[in-house]
Amino acid sequence: MKERLIFIADKLCKNHSLTLEEYAELIDGYDASLAELFAKRAREVRKEVYGKDVFVRGLIEISNYCKNDCFYCGIRRSNKTCERYRLSREEILSCCEEGYALGFRTFVMQGGEDAFYTDDFLCDLIRKVKESYPDCAVTLSLGERGKESFRCLFEAGADRYLLRHETADETHYASLHPTELTLQNRLQALRDLKEIGYQTGCGFMVGSPGQTTQMLAKDIKWIEAFQPAMCGIGPFIPHHATRFANDKAGDVGLTCYLLSIIRLIKPNILLPATTALATLDAKGCEKGILAGANVVMPNVSPISAKQKYELYDNKAYGGSEAAKNVEALKKRMEAIGCRVVTDRGDVRL
Ligand code: SAM
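K.L.:
Sorry if this is basic, but what is going on with the overall build of the protein here?
P.N.:
Of the regular secondary structure elements, the protein holds 14 helices and nine strands. Computed over its C-alpha atoms, the radius of gyration of the protein comes to 19 Å, within 12% of the 20 Å expected for a compact globule of 349 residues. Each principal axis of the C-alpha distribution contributes one length, and for the protein these read about 60 × 45 × 35 Å. Scored against the burial criterion, the 349 residues of the protein give a buried share of 60%. Look at the contacts in the protein between residues 6 or more apart in sequence, and 75% of them connect residues 24 or more apart. Surface accessibility of the protein: about 14000 Å² in total, with carbon and sulfur atoms responsible for 52%. Placing the 48 positive and 48 negative side-chain charges of the protein at their respective mean positions leaves the two points 3 Å apart.

K.L.:
In this structure, what is going on with the pairing of strand β4 (residues 137-141)? I would like to understand it.
P.N.:
Along a regular strand, successive side chains alternate from one face of the sheet to the other. A large share of β4 lies buried, amounting to five of its five residues. Side chains Ala137, Thr139 and Ser141 project from β4 onto one buried face, and the interleaved Val138 and Leu140 project onto a second face that is buried too. Bridging between strand β3 (residues 106-111) and β4 involves five bridges; their strand directions are parallel. Looking at β4, one finds that Met109 is bridged to Leu140. Where the polypeptide runs from β3 across helix α5 (residues 119-132) and back to β4, its parallel neighbour, the crossover connection is right-handed. The parallel pair β4 and strand β5 (residues 160-162) is bridged by helix α6 (residues 147-155), and the resulting crossover is right-handed.

K.L.:
Can you walk me through the sheet that holds strand β8 (residues 295-296) in this structure?
P.N.:
Pairing between the strands of a sheet comes from backbone hydrogen bonds, and it takes one of two forms, parallel or antiparallel. Pairing is parallel across the open sheet formed by three strands, whose spatial order is β8-β1-β9. The open sheet has two free edges, formed respectively by β8 and β9 (339-341), since each of these has just one partner strand. Sheet analysis places strand β1 (residues 53-56) next to β8, joined by two bridges and oriented parallel. Of the residues in β8, the one forming a bridge with Phe55 is Val295.

K.L.:
How do you make sense of the packing of aromatic side chains when you look at a structure like this?
P.N.:
Two aromatic rings, taken as a pair, are described by how far apart their centres are and by the angle between their planes. What the rule picks out here adds up to 13 aromatic pairs. For the pair Tyr30 and Tyr257, a centre-to-centre distance of 5.0 Å together with 45 degrees between the ring planes defines the contact as tilted. Of this pair, Tyr30 sits in the loop between α2 (20-28) and α3 (32-50) while Tyr257 sits in helix α10 (residues 252-265), and the two are 227 residues apart along the sequence. Aromatic side chains Tyr161 and Tyr198 sit 5.7 Å apart centroid to centroid with 80 degrees between the ring planes, which places their arrangement in the edge-to-face category. One end of the pair, Tyr161, is in strand β5; the other, Tyr198, is in the loop between α8 (183-196) and β6 (199-206), and 37 residues separate them in sequence. Clustering of aromatic rings is evident, with ring pairs tying together Phe150, Phe154, Tyr161 and Tyr198. Over the aromatic face of Tyr100 sits the side chain of Arg105, whose NZ or CZ is 3.5 Å from the ring centroid. Over the aromatic face of Phe71 sits the side chain of Arg243, whose NZ or CZ is 3.5 Å from the ring centroid.

K.L.:
How do you make sense of the nonpolar core when you look at a structure like this?
P.N.:
General note: in soluble globular proteins, nonpolar side chains tend to be found buried as a group. Among the nonpolar cores identified, the biggest contains 103 residues, and Leu140, Leu258 and Ile261 are the most heavily contacted of them. The element best represented in this core is α10, accounting for 10 residues. When neighbours within four sequence positions are excluded, Leu258 is seen to be in contact with Ile27, Phe204, Val206, Leu216, Ile220 and Ile233. The next biggest cluster of nonpolar side chains, apart from the first, holds 12 residues, and it includes Phe55, Val108, Ala229 and Met297.

K.L.:
Honestly, the environment of Leu254 in this entry has me stumped. Any pointers?
P.N.:
Here Leu254 lies in helix α10. Leu254 sits in the buried class, given a relative accessible area of 16%. Separated by 219 residues in sequence, Leu254 and Ala35 have C-alpha atoms that sit 8.1 Å apart. When near neighbours in sequence (up to four residues on either side) are disregarded, Leu254 contacts Tyr30, Val206 and Leu216.

K.L.:
It is not clear to me how α5 should be interpreted in this structure. Could you clarify?
P.N.:
Because an α-helix packs 3.6 residues into every turn, residues spaced three or four apart end up facing the same way. End to end, α5 covers 20 Å across 14 residues, agreeing with the expected 20 Å (1.5 Å per residue, within 8%). In this fold, the buried residues of α5 make contact with α4 (89-101), β3, β4 and α6.

K.L.:
Please explain the sheet that holds β3 as it appears in this structure.
P.N.:
Judged by pairing direction, the sheet is parallel, and its six strands sit side by side in the order β2-β3-β4-β5-β6-β7 without closing on themselves. At either end of the open sheet lies a strand with only one pairing partner, and these are β2 (58-63) and β7 (230-235). With strand direction ignored, the average angle separating the axes of adjacent strands in the sheet is 20 degrees. With three bridges joining them, β5 and β6 adopt parallel strand pairing. When the sheet's bridge partners are listed, Leu162 is paired in β6 with Gly201.

Thresholds applied
- Residues numbered from 1 in each chain as written.
- Predicted model: local features only at pLDDT ≥ 70, side-chain atom pairs only at ≥ 80, totals over all residues.
- Heavy atoms only, no water.
- Helix = DSSP H or I, 4+ residues; strand = E, 2+ residues; numbered from the N terminus.
- Rg over C-alpha atoms; globule rule 2.2 N^0.38 Å.
- Buried < 20%, exposed > 50% of the residue type's maximum accessible area, 1.4 Å probe, protein only.
- Contact = heavy atoms within 4.5 Å.
- Areas by Shrake-Rupley, 256 points an atom, 1.4 Å probe, with all protein chains shown as cover.
- Lys, Arg positive; Asp, Glu negative; His and termini not counted.
- Charge placed at Lys NZ, Arg CZ, Asp CG, Glu CD.
- Pairing = 2+ DSSP bridges.
- Right-handed = clockwise from strand over helix to strand, strands pointing away.
- Phe/Tyr/Trp six-rings, centres within 6.5 Å; stacked < 30°, edge-to-face > 60°.
- Lys NZ or Arg CZ within 6 Å of the ring centre and 35° of its normal.
- Core = buried A, V, L, I, M, F, W, Y, C linked by side-chain atoms within 4.5 Å.
- Expected span 1.5 Å × (residues − 1).
- Axes fitted to C-alpha atoms, helices over the stretch in contact; angles between N-to-C directions.

The following block contains the structure:
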C-alpha cells in the first residue's frame, strides 16, 4: 500500500499529472508520514523556482455587503445579524499607503459582491493605486463580474484575480450554493479571467460540508487541467449563523497535504498559507509554508473591518495575519528557513 503511494508520488513529481483515480488514492492514503514525504518534495520543488522567498500581500477587505447567499459564508446576504460595512476610496487608499510603508508590493482587494463598487469606481481606484505605487501589483477578489467588467478592470491596471471555484463537482456545488449560482458560470468566469490576461487564481475549501475523496480528487484534477497562476485552499470553518453551524471544520493536516500535491503539480504556482489555516492552528501559517506554500496575506484593513469581515467563526486577524506584525512574520519565516521579500511576487517562469 505504502509502496504503491510512493510510486504514485514519484510519478507526480516526474509528470506533474496523475489520473483522477490516482489522486483519489493519494487522498485516501493520507497519513502523517506520507504528508511529510510530500511536504519535503514540495519544499524542494519550490526552492528550485523561488529559493527561500516567501511573498507577502497586503489584504484589504473592502466590503462585507454581498448579493450572494452561499450557504457556508458568514457574510451571505440573508445573514441579518451581520453588521455591514464598506470602505471608501480614501479608506482603501490609506490602507495601501500603510501597506506600502510596511513593505507590501501587492494589494489584494477582497470583498463580497457589492454593487456599490461599479466598474467606474474600481477603475479609478486601480489607476490611482498604480499611479501612486508603480512598483506594486493589484489583485482583485470581488467575485463574479461580467467579462467586460473583468476586461475594463484589467485595462485599468489590475494584475491578478482570485476567484475560488469552490468545488469542481456539479452536485456538490449545488449543495453549497443557491440555484442562481452555478458551477458552469464560475468556471466560465475563471476561463474569461485567464483569457483576458490576468494571473488567475482558483481554489476551494477543504472539508466543506458533503465533500468526499472523489470530489477532492476532481478539484485537484481540474486544477491540473486549468493551470492557474495561483490557488487558494483553506479548511472550511463553520460560521454560527449558517446552516452548517454544527458541521466539523476541515482538517489542517489534510489541507497541508493538498498544498504539497498542488505544488508538485505546478512547481511555480503562487500558493498562499491562508488565514483559515492560521485560524484553526496557531502554527498554521508555518505549516502551510512547510507544506509548499509561498505566499502569506497579512491583513491591512482597518480593525473594525477585520472584525466585521467574518466569513467563519473566530477568524484570525492578530499574529501573522496582522500587517503591522510583519516584522514578527519575517522572524517566523526565518525560523523555518524562508525569507519574506519586498517584491510584487509575480509567478516566476
Ligand atoms: N466574493 C468574493 C468571491 O466570491 O470570490 C470574495 C470573497 S469570498 C467570501 C472568499 C472566499 O472565502 C470564498 O471563495 C470561500 O472559499 C471562503 N469562505 C467563505 N466562507 C468560508 C467558511 N465558512 N470557511 C472557510 N472559507 C470560507
